[in-house]
Every structure is written in structure tokens, then in C-alpha cells.
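Tertiary structure, described
Below are the chains, spelled out letter by letter.
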Amino acid sequence: MKLHRAALDLLCLAVIVFANQSLCHGQSPCAAEMEEWRNAFAQLQEAIGETEQLKESSVAQDIRERVSRRQSGQSVADSVRSVLEQKTIRVSESQERCWALAEREKLAFQEIKKCATASANRRYPSVNQHLKELGRERDKAIRDLKYVMTQEAYIQYLNQRPLTQDDYSFNQKAYSNSWYSSFKASR
Amino acid sequence: MSTFFIEECEEPFLVRRVRLEGSDDRGEMIARCMNHPDNPKRRLAWSAWSIVLCSFLLIATPAMAASNHRDGEFAPFWESILWGGNPAANDSQSFGNNGGFVARDSIFKTYQLASSDSESTVAGDSSPQQTDPAVWKHSIREILGLQPPLGSSGEDDDKSPDKSTAADNQDNGTVKDLPILENIPPLYATPPLPQEGVWESAGLPTDKNGNPLMYRTSYRPSERYPNAIVHMLLFDMKRVSMSLYLGSSEPGATASSSIVQPEDRHKLVAITNALWKQKHSGQAGTILASRVIKNLFPGMATLVIYQDSSVDIVEWSPDIPLELVNDAKQLRHLIVKDGKVVSTIPVNGHSSDSEIGLGYLLSESEPMPGYQYWGGWWGQPSYNTTSGPDWFIATRSAFGIRNDGNLVFAAGHHISTKDLAKALVLAGCQRAVHGDANPHNVVGNIYFSDGNGRFAKKEKLSPDQKTYTLDRYVDRSYTSDFYAFFRRDN
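Residues numbered from 1 in each chain as written. Chains lettered and ligands numbered in written order. Predicted model: local features only at pLDDT ≥ 70, side-chain atom pairs only at ≥ 80, totals over all residues.

1. Description of helix α2 (residues 31-56) of chain A
All names here are of chain A. Between its first and last C-alpha atoms α2 spans 37 Å; for 26 residues at 1.5 Å apiece the expected length is 38 Å, and the two agree. Those residues of α2 that sit buried are Trp37, Ala40, Phe41, Leu44, Ala47, Ile48 and Thr51. For α2, the elements touching its buried residues are α4 (76-119) and α5 (126-149). (Helix = DSSP H or I, 4+ residues; strand = E, 2+ residues; numbered from the N terminus. Expected span 1.5 Å × (residues − 1). Buried ≥ 20, exposed ≤ 12 C-beta atoms within 10 Å, placed from the backbone. Contact = placed C-beta atoms within 7 Å.)

Here's what the structure looks like:
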């Protein structure tokens, strides 16, 4: 009996060691999901960079050329606008690509989170920590994305909060003072 | 029972005798003779009364005159059919406790939407060309939010009002290059507004060949506020050039930049207000006569006048070479973009209403400068600020640009930004920028030169515009920026 008991213990130990070997020192959990996300994230970052570059690239020289070559009857306004519209189209296309890649990255990240939730136990406490690190990387990319995706016209509102009705509450005294002081000042 | 009788005053100053009768004691009381003309107290009383009377005459009369004048200024021209322009002048109850406008059934009952099947009042059409009225009605009702879009087939794009400008370069049969204008069928059948939506050039300045330089119409674009009325002036920019003038209190202003110089007045045909004052415009920039007064902010809605006098309204791009720009002025965001009303804007990643306001500084009526009104004496301002749920209802102006390069100036009373923008879309504008606001600042002056540098006549675009605004810009400099429009005659 004692021999059998010892053999059973040995077998259990072997199984544990084998399992440890295969899971901890072999392929890590969520590796496939991580790989997928890494690809999506890299592509998104690349697209953000390209869009930013495109937005910042100047078409001033193109405008000058278009204006100098404009046909009779065509105004400077028409020439300027036509060049700017072409740039706007290119930027919009690039932004569309960013949207699509951002969507793909989001889905990939959701897969990692699902996988991490399923794998997170006492044996893999580092998965959640790893997710937090990825989250920080993503936050930076999202900030860049927000800037790149915001149309130039609304950059002026990027750091403002939306106005509410309270911003227009009637303060009679303040109004009166403001009106008369501004009137006096403007004379 | 004692009785009293009073002797007449004997002494010039002091006394009268009061004799007591009916009593055993006869005596005399000495009292001051109040009735004597030389009595100091009486003189004092008369002086006090005189002062009060003089004060009344001196202070009250001008105030009353101003008050009468104000009534003349503020009473809406269309009062018989509209009470727009200044609702408070007609019904103070229209404003709620918080100062916001309260719609009342009795007001709205007088307004009836035009049926989409009924014939619109386009009689007297002076435009060179008209499109299918049915198509127009549909697209207009769509723009006004009364009808769902035609569908996703792109059909609606083909029928957008702005398509009217596609044929702008064609001959209209008589004179080449005249703008092709589409009359706008009225939204409201009742009460009718004479010639609503009909572009007219009659009675407006012309070039030396008698061709129109500008066209005008009035329109009620709002379903929610039927009394909102917009007066529009469309400039034929092939025959008219425009220049920015800086207000005398604005940064960068010089003595000559705030008044139309005498040598330019014989060509002057119109003046409109410009955009907001610099102190209210935040990061907005200005270029005047090729000189950068304040750097233009990228993306901001900008009215640009190029060196060839062509005009555009754009979201400013630093790519635009400054050497091409003569004048530029900025304010916030486009209110019309791609031929559509901009109803929401992204603010820090959130969708926000596109209405443009300035806190409590928007108003529908303002006191005339230099006058104290009765209401002001008791701490009540005699102007209606806009606040509460309808804070955006105000006197506003805007500029729109059409595909044919022609500029439309719109001055609206009792109106929101979006309703003003709707009117500009109906006028065929692709892009538009908000202009100055408040009754004191919204100006559309039309000038008729006598050929000798003087004016035979000056007219207001809007009947509700303040009359005193006609004296600015040419007779004296003005504190706020403005645009002057000149006959090209080339």
C-alpha cells in the first residue's frame, strides 16, 4: 500500500510539474490575442502619424501656382478653395482609415480583456498588470487620435466644455454694469 | 365755541393777526403770514416748485422724446402682420420669469404654414430663372425641418436649392453674368408678408449701365418662432467690391480705417456691420489691407477678401498665402457648411449645440446711446437680454457665400443662429459665418450717391433697424468694424 501511495504521489507531482512547464514556461496565455492587438495598434499609430503629417503638410505653394495659372474669369477665391478642398478630401480619407483602424484596435483589445478575464487566476496574476500597461499605451494613442480626428474648425473648442443654459443665466446687475462700462469704454 | 377769523396781513413779512372770537378771552396770536408774496418761506416753496418743474422739463422731456423715438425705432414695421423684431414692445407677458421667450397660442394661431400643395406667392417674380416649384417646396420644407429628407438615394442633393447657382455663368438672355436667383416660397401663408422670398433689385443702386448691384428679400424661416424675420441683401460680387473697416475702438484702428473717405463715397452703395468686436472674439484674428492685425486662428470661420476683390467664407487654413489676402475677419465656426445648416459642433469630444451666443450680452432691444430711459431710473434696464431656455433668440446678422461667388448679408430679428443659417441656405449659400449681433450693431445701410460725393438717399435694409445707424460710417467714424461695398464700374 505504501508503495502504491508513493507512486501516486510521484505521479501527481509529475503532472503538476508538466502542467507548470507547459503553461508557465511555454506559450503565455492570450498570446494570440496580444499579437492581434499589437498589429492593430501599430497600424493605428501609423495611420495617426500619417494623418497628422497630412494635416500639417502645406499646400501653400500649390495655391500660389493655381492662382498664377488661373484662367480669366476665375477668381483667387475659386483657386484657393479648389486646392484646399483637395487637401480636405485627402485628410478625410486618411481620417476614415484612422476610424477603421481604431475600430479594429478596439475589438482586438476587447478580445484581450475577455481572454484575460478568463485566464486571470492565482496562477497568472500578472495578466491584469499587463493590461494596465497596455491601457496606458492606448490612452496616449487615443489622445493623439482625438486631436487628429477633430476637424480643424473645432480645434478651438478642444479644451472647452460644452456651454449650458447656466452660462446664459440672466444677471441683471452684471449685465447693466458690463453694458454701460463697455459703452463708456467704446466712446 | 371759539371761532377764528384771520385778518389780512398787514406786515410785509411776518405777521398776521388771528383773533379769537366766541371766547371771553380776546387775544391775538402772531403767526407767520404764509400768503404774503414776500414771505421767505413762500419764496422758498416757490423756488422748490420751480426747481422740480424745471427738472421735470429738462429731464423728462428728452427722456419722453427718446421714449417716443424708441417706440418709433423699436415698433416692428410688420406689426400689423407680425409682432417680430421686438416681442416685448407688443407683449411684455411674452417673457417668462427667467426672461426667456414664452410661446403663446394666441400668437401662433395667427400663423399658418403654407401647404406643400398650395401655390406659393411668387407673383411678381423678378428673378431671371425659376426651378420647378414642387421641387423647391420639398427642399425648403426639408431645410426648415418640416419634412424628412427625400432619402438616401442622393436625390435630395440633386434638388438642393444651391443647384440654382450651377447655371450662373450662362447667359440669362439679356445681360451676361447676372446672378441667377431662385425665389424662396414662403413657409407661412398666413399672415402674408409682402413679396416674401422674392428677390428684388428695384429701387436699389445700379451700375452705370443700369444693371442691379444687389438684390433684397425678406423671409420667415423659423417654424418654432414664426415671428422671426430675416432681411437679406445679395451682392453681385462681379459688380461690387467690398472692404473691411476697423472700428475706431478696435485694435489696429487708425483715423482713416473707421470711416469711408470722401473720395470713395461716390462709389459707395452699401455698408453692413462686420463680425464681433475683438474683445468678444477670443482667438479670432484680423487682417486689414494686407496688414495682420491679429494672427488668424486655424480652422476658425473666416470672411476673406482677396487681392482681386473676390470674397470667400472659409475655415481658415494657414496654407492660404497671406500675400493673397487683403482683408480677413474671423468668428468661431461656420454656421452653414457644404450648403447645410450646422446644427451641432464637437466641443472637446462631445456634441454641442451650434448656437452662437455671448452669455448675457445678447439682446433684442437696447437703449439708444446717450439716453437714460425711464426704466433705467429704477434699476430696471429697458432692454431685453436673452437668457433662459431661449437665450439664443436675438437680433443677429450673418454672411453667406454662394457657389457663384456672390455674398449674402442677412439681418435677422428675434432669431436663432440656426434659423438665420436656414435663410442663408435657402438663399443658396454654401458656407456662412455669424456676424455682429444686437439691435445697436446689426446694420444694413444702402446708399444712393448723387454723383458728387454726397448721398441723395440712405436706406435701411430692415425696417426694424435703428434709424440712427444711418449716420455712422460716412458722417462720422464708428467704434465697431464694418464692411463697405463699392460699385466697381470697370
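From this point, things continue past the structure.
2. Quick notes on the sheet that holds strand β10 (residues 286-288) of chain B
Taken in spatial order, the five strands make up an open sheet running β11-β10-β14-β12-β13 (chain B), and their pairing is antiparallel. Each having just a single partner strand, β11 (291-294) and β13 (311-315) of chain B make up the two edges of the open sheet. Averaged over all neighbouring strand pairs, the angle between strand axes comes to 30 degrees, with direction disregarded. With respect to the sheet, α4(A) is in contact with β12 (301-306) and β13 of chain B, its orientation differing from that of β13(B) by roughly 20 degrees. (Pairing = 2+ DSSP bridges. Axes fitted to C-alpha atoms, helices over the stretch in contact; angles between N-to-C directions.)

3. Here we look at the pairing of strand β25 (residues 455-460) of chain B
Residue and element names in this part refer to chain B. As judged from the five bridges shared by strand β24 (residues 444-449) and β25, these two strands associate in the antiparallel manner. Residue pairing for β25: serine 449 is matched across the bridge by phenylalanine 455. Remark: five residues form the turn of the hairpin made by β24 and β25, two consecutive strands paired antiparallel; glycine 451 in that turn has positive phi of roughly 90 degrees.

4. A few points about the confidence of the model for chain B
All names here are of chain B. When pLDDT is averaged along chain B, the result is 72, and 61% of the positions lie at 70 or above. For chain B, the element scoring lowest by mean pLDDT is helix α2 (residues 87-90), at 34; β12 scores highest, at 97. Within the model, pLDDT remains below 50 along residues 148-173, and this stretch shows 41 contacts once partners closer than five positions in the same chain are excluded. Interface scoring of the predicted complex returns ipTM 0.71; its pTM is 0.70. (pLDDT = per-residue confidence, 0-100.)

5. Considerations on unusual backbone geometry
Residues and elements named next belong to chain B. Proline 191 follows threonine 190 through a cis peptide bond whose omega is -5 degrees. By secondary structure assignment, the location of proline 191 is in the loop between β5 (188-190) and β6 (214-219). Positive phi values are uncommon outside glycine, yet serine 309 reaches one of about 75 degrees. Among the secondary structure elements, serine 309 is positioned in the loop between β12 and β13.

6. Observations concerning the confidence of the model for chain A
Residue and element names in this part refer to chain A. Considering every residue of chain A, the mean pLDDT works out to 76; 68% of them sit at 70 or more. Looking at the elements of chain A, mean pLDDT is at its lowest for helix α6 (residues 172-186), recorded as 39, and at its highest for helix α3 (residues 60-68), recorded as 95. For the stretch residues 17-26, pLDDT sits under 50, and the model shows one contact to residues farther than four places along the chain or on other chains. Per-residue pLDDT stays below 50 along residues 168-187; that stretch engages in 22 contacts with residues further than four places along the chain or on separate chains.

7. Things to note about helix α7 (residues 417-426) of chain B
Residues and elements named next belong to chain B. For α7, a buried count of ten out of ten residues is recorded, marking the element as mostly surrounded by other parts of the structure. For α7, every residue scored as buried is listed here: Thr417, Lys418, Asp419, Leu420, Ala421, Lys422, Ala423, Leu424, Val425 and Leu426. Once α7 ends, the next one or two residues include glycine 428, with phi positive near 90 degrees.

8. Quick notes on the pairing of β12(B)
Looking down a regular strand, the side chains alternate between one sheet face and the other. Residues and elements named next belong to chain B. For β12, a buried count of six out of six residues is recorded, marking the element as mostly surrounded by other parts of the structure. On β12, burial covers both faces: Ala301, Leu303 and Ile305 on one face and Thr302, Val304 and Tyr306 on the other are all buried. Alignment of β12 against β13, held across five bridges, turns out to be antiparallel. In the sheet register, leucine 303 faces β13, and the bridge partner there is isoleucine 313. From the end of β12 to the start of β13, which pair antiparallel, there are four residues, and serine 309 there has a positive phi angle of about 75 degrees. Pairing of β12 with strand β14 (residues 325-330), which is carried by five bridges, proceeds in the antiparallel orientation. Note that in β14 the partner of tyrosine 306 across the bridge is valine 325.

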